[in-house]
Amino acid sequence: MEIRADFHKRLHNIKDDVLVLGSMSGKAILNSIDALRNRNLELAKQVIEGDHIINQKRFEIEEKCIQLIATQQPMASDLRMIVSVLNIGTELERIGDYALGISRVVIMIGDEPPLKPLIDIPRMAEKTIDMLRRSLDAFINQDVEGAREISAEDDSVDNLYDQIYRELLTFMIEDPKTITRATRLMWVAHNLERAADRVTNICERVVFVITGKMEEIGASKY
Amino acid sequence: MEVTLNKNIESLPYLDNVKLRTRMANLYYNKFQALRNVTLEIPSHAITAIIGPSGCGKSSLLRLFNRMNDLIPNTRVTGDIELDGKNIYEKSIDVVDLRKRVGMVFQKPNPFPMSIYDNIVFGPKQHGRTNRNELNKIVENVLRKSALWDEVKDKLEQSALALSGGQQQRLCIARVLAVEPEVILMDEPCSALDPVATLKIEDLMRTLREIYTIVIVTHNMQQAARVSDMAAFMMMAGDRAGELVEYGHTSQIFTNPRDKRTEDYITGRFG
Ligand SMILES: Nc1ncnc2c1ncn2[C@@H]1O[C@H](COP(=O)(O)OP(=O)(O)OP(=O)(O)O)[C@@H](O)[C@H]1O
Ligand SMILES: [Mg+2]
C-alpha cells in the first residue's frame, strides 16, 4: 500500500517542473543560434530578456525541493531524486546562461558582413539540444544506459568544436582583419561546448538517482 | 532457505569489533516462528538500530540478547547468539549475570515506586554493594551520565513517579547504567516522550555510545537515521515474521538501500 501518496505526487510534479525548465533552456539555445544565423537581433534580445524567467523557474524548483526536504524527510531514492533535481536545475539554468552569452555575441556582431557560411556551429547546437532532450528523457524514464550513452556523445560535440577552432584559426592567420569576427564565433562555439558539458553532468545525476553511485562518465576533453 | 541465508551472510558488513552476534537464530513462540535464520553482527561502541513494521520481530530479536524471551512460556531458540564470542544460550551461562552485562530500557518508563535514589541503588544493592559512600558516588555518576543530575540533585529522596516522562526515562537509563552493563538494549525508548525529551535521549545515546554498545528498536525512521551507526531492517510477509532483510551502515541504508523491500519501506511506498 502506497502510504506517502501526497509526498510522491509532489515529487512527481517537481520532475515535471524540471522538464519545463529543460525545454526553456533548450529553446533559448535554439533561439540564440537562429538569431545568429538570421541576424535576428530582435530574437537575440528576447533571449537575453527571457533569461530571468529561466532563473526564476530554477529558484521555484529549488524552493519546492527545500520544502520537501524540510517537511517530508525524504529517504533513499527519494532523497537522491531531490538532490539530483537541485543539481539538474543548476545545470539547466547555466545552459540558459550560455544561450544568453551567445545572444550577446549576436548583438555585438550586429550587421557586420558574415565571415563564412555557418555550418558547424548550427550542427553543434543541434547535437547539444538533441543530447539535452534525451538526457531529460533518461531522467524521467530512469534510464541508466541511455544516460551513459548520451554522455559518451559529448565527444562528437568536442570534435566539432575542434574543427571550428582550427577553421577560424586559419581565417585569422590568413587575414588578421578577420580576427574580431572570428573570435566572436569562437565564443559562440565555446558556449555550446560548455552547454554540452552541462548535459553530461545531468547524465551523471541520472545515473546517481538510479544507482546511488557518483560516477564521472565521459570526462570532457575541455 | 539456503539462498536467503547465504545472501544474508554475504551482505554482512565487515566489522572488526563484534560485540553481539547471531548466527542462524530462530525463535518460536509455541509453533509460531518469530525469527527466521537471523545472522547479524553488532559492533561495540556503536548504536545499532532495528527497524521494520509492527509485528516483524524487532522486540523478539532484541530480547534474544539478554534472554528476556526465557520469561515467556513455551519459547524455543535455535542457532547461536554470542556475546563477546561466547554463546549466551549455553547451560553454563548465569542469566542473572548476563542481564547485568546486557541491560534493557523499555518503551514506557518504568521507575520503581520509590525514591530517585533508591531506584538507582536498587541494582547495585542486589549485586552486593552496600557501602553508602560508594552508592552515593554511583548515584551521582550515573545521573550525570544520563544527563539528569542537574534536574534532580536536590530531590533525590523524592518519589521517582513525580518526575516527568522524559525524566523518568532518563532515570531508567541511569538505573541500567548503575549496574555497569556492557550492552544497553532499548525497545522504543522514546515513543512515550515529547520531541524535546526525545532529542535529549538521543543526545544521551550518542554520548553513551563511547562506553557502551547500544541496540535500539524504533518505529521512528528519522530517529534511526539520526542516532544509529548501523541499521537492520526486518520484515514480515503474510504470516511470516522475523526475516532480516538488510543490514548495513546507517549512511548506506538510508541513502542507498540494496534491497527493494528496504527501499519501499523507508520511502513509504509500502507500510
Ligand atoms: N509472547 C508471545 N507469544 C506469541 N507470539 C508472540 C509473542 N510475542 C510476540 N509474538 C509474535 O511474534 C511476532 C513478533 O513480535 P515482536 O513483538 O517481536 O514484533 P515487533 O517487531 O517488536 O512489533 P512492534 O513494532 O509492534 O513492537 C508477532 O507476530 C507477534 O504477534
Ligand atoms: Mg516491539
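A short tour of the structure in this document, coming up. (Residues numbered from 1 in each chain as written. Chains lettered and ligands numbered in written order. Predicted model: local features only at pLDDT ≥ 70, side-chain atom pairs only at ≥ 80, totals over all residues. Heavy atoms only, no water.)

Some details on the overall build of chain B
Put simply, the rule is: Helix numbers and strand numbers start at the N terminus; a helix is a DSSP run of H or I with at least 4 residues, a strand a run of E with at least 2. What the globule rule says is 2.2 Å times the number of residues to the power 0.38, and the radius of gyration is computed from C-alpha atoms. Each residue is assigned to one of three classes by its accessible area relative to the maximum for its type, calculated with a 1.4 Å probe on protein chains only: buried under 20%, partly exposed between the two thresholds, exposed over 50%. Every residue pair with non-hydrogen atoms within 4.5 Å of one another is taken to be in contact.
Of the regular secondary structure elements, chain B holds 11 helices and 10 strands. In terms of overall size, chain B behaves like a compact globule, its C-alpha atoms giving a radius of gyration of 19 Å where 271 residues would be expected to give roughly 18 Å. Of all 271 residues assigned to chain B, the portion counted as buried reaches 56%. In chain B, the proportion of contacts linking residues at least 24 apart, taken out of those at least 6 apart, comes to 68%.

As for the site of ligand 1
Residues and elements named next belong to chain B. Definition in use: A cutoff of 4 Å decides nearness: a residue is near a molecule or strand if any of its heavy atoms lies inside that distance of it. N or O atoms within 3.5 Å of each other form a polar contact, as long as, within protein, one can give a hydrogen and the other can take it, and as long as residues adjacent in sequence are counted only when both atoms are side-chain atoms. To measure how exposed things are, a 1.4 Å probe is used in the Shrake-Rupley method; for residues, cover is taken only from the protein chains shown.
Near ligand 1, the surroundings consist of 14 residues, among which S54, K58, S59, S60 and H219 are the closest. Residue S60 places a side-chain N or O atom 2.5 Å away from an oxygen atom belonging to ligand 1. Look at ligand 1: alone it shows 640 Å² of surface, and the protein chains cover 66% of it. The set of elements that each furnish at least two residues to the shell around ligand 1 consists of β2 (32–43) and α2 (58–64).

Thoughts on the packing of helix α3 (residues 76–109) of chain A against helix α4 (residues 120–141) of chain A
Residue and element names in this part refer to chain A. Let me state the cut-off plainly: Orientation is described by lines fitted to C-alpha atoms, with helices fitted over the stretch in contact, and by angles between N-to-C directions that extend from 0 to 180 degrees. An angle below 35 degrees is read as roughly parallel, one above 145 as roughly antiparallel, one from 65 to 115 as roughly perpendicular, and any other as oblique. Following the grouping adopted for this structure description, the nonpolar residues are Ala, Val, Leu, Ile, Met, Phe, Trp, Tyr, Cys and Pro, the charged ones are Asp, Glu, Lys and Arg, and the polar ones are all others, Gly among them.
As a packed pair, α3 and α4 sit with axes 13 Å apart at the nearest point and diverge in direction by 170°. With respect to their mutual orientation, α3 and α4 come out roughly antiparallel. On α4, the residues touching M81, V85, I88, L92 and I95 of α3 are L132, L136 and F139. Here the contact of α3 with α4 is composed, by residue class, of 8 nonpolar, no polar and no charged.

Concerning helix α5 (residues 132–145) of chain B
Residue and element names in this part refer to chain B. Note the following rule: By this rule, a helix spans an expected 1.5 Å times one less than how many residues it contains. What the arc describes is the spread of directions from the helix axis to the C-beta atoms.
Taking 1.5 Å per residue, 14 residues should reach 20 Å; α5 reaches 20 Å between its end C-alpha atoms and fits that length. The set of residues buried in α5 consists of L135, I138, V139, V142 and L143. One face of α5 carries all of its buried residues, which in axial projection span an arc of 115°. Exposed residues lying more than 90 degrees from the buried face of α5 are N133 and K137. Lining the buried residues of α5 we find α4 (116–126), α6 (149–152) and α7 (165–177).

Notes on the nonpolar core
A general tendency of soluble globular proteins is for nonpolar side chains to be buried together. Counted only if it meets this: For our purposes a nonpolar core is just a set of buried Ala, Val, Leu, Ile, Met, Phe, Trp, Tyr and Cys residues, chained together by side-chain atoms within 4.5 Å.
Core analysis: the largest hydrophobic core is formed by 63 residues, its most contacted members being L92 and L192 of chain A. Elements that contribute at least two residues to this core include exactly α1 (5–38), α2 (41–72), α3, α4, α5 (144–152), α6 (154–174) and α7 (179–211) of chain A. The residues touching L92 of chain A, leaving out its near neighbours within four places in the chain, are V18, L21, G22, S25, L132, L136 and I202 of chain A. With 50 residues, the next largest nonpolar core counts V139, V142, I201 and I266 of chain B among its residues.

Thoughts on the interface of chain B and chain A
Operational definition: Computed with a 1.4 Å rolling probe, the buried area is the accessible surface lost when two parts are put together, summed over both parts. Salt bridge criterion: a side-chain nitrogen from Lys or Arg within 4 Å of a carboxyl oxygen from Asp or Glu.
Opposite the 14 residues of chain B that make contact, chain A presents 14 residues. Taken together, both faces of the contact between chain B and chain A bury some 1100 Å²; the carbon and sulfur share is 50%. Here chain B and chain A share 1 salt bridge between them. Residue R269 of chain B is joined to D78 of chain A by a salt bridge in which the shortest nitrogen-to-oxygen separation is 2.9 Å. If you tally residues by element for the side of chain B that touches chain A, the top one is helix α9 (residues 221–227) of chain B, at 3 residues. Within the side of chain B that touches chain A, the residues separate by chemical class into 6 nonpolar, 6 polar and 2 charged.

Remarks on the side chain of N119 of chain B
Within the element layout of this structure, N119 of chain B appears in helix α4. Beyond its immediate stretch of four places on either side in the chain, N119 of chain B contacts P111, F112, M114, A160, L171 and R175 of chain B.

What to know about unusual backbone geometry
Residue and element names in this part refer to chain A. Positive phi is not limited to glycine here, since R39 has a value of about 50°. Within the secondary structure, R39 sits in the loop between α1 and α2. Residue class for R39 comes out partly exposed when judged on its relative accessible area of 30%. Positive phi is not limited to glycine here, since Q73 has a value of about 45°. One can find Q73 in the loop between α2 and α3. Here Q73 falls in the partly exposed class, since its relative accessible area comes to 34%.

Things to note about the environment of A34 of chain B
Residues and elements named next belong to chain B. Mapped onto the fold, A34 is located in strand β2. In this structure A34 comes out as buried when scored by relative accessible area, which is 4%. Separated by 202 residues in sequence, A34 and M236 have C-alpha atoms that sit 9.4 Å apart. Not counting the four nearest positions on each side in its chain, A34 is found in contact with L27, Y29, C56, G57, S60, A241 and G242.

Geometric descriptors of this kind do not, in isolation, establish any biological role.
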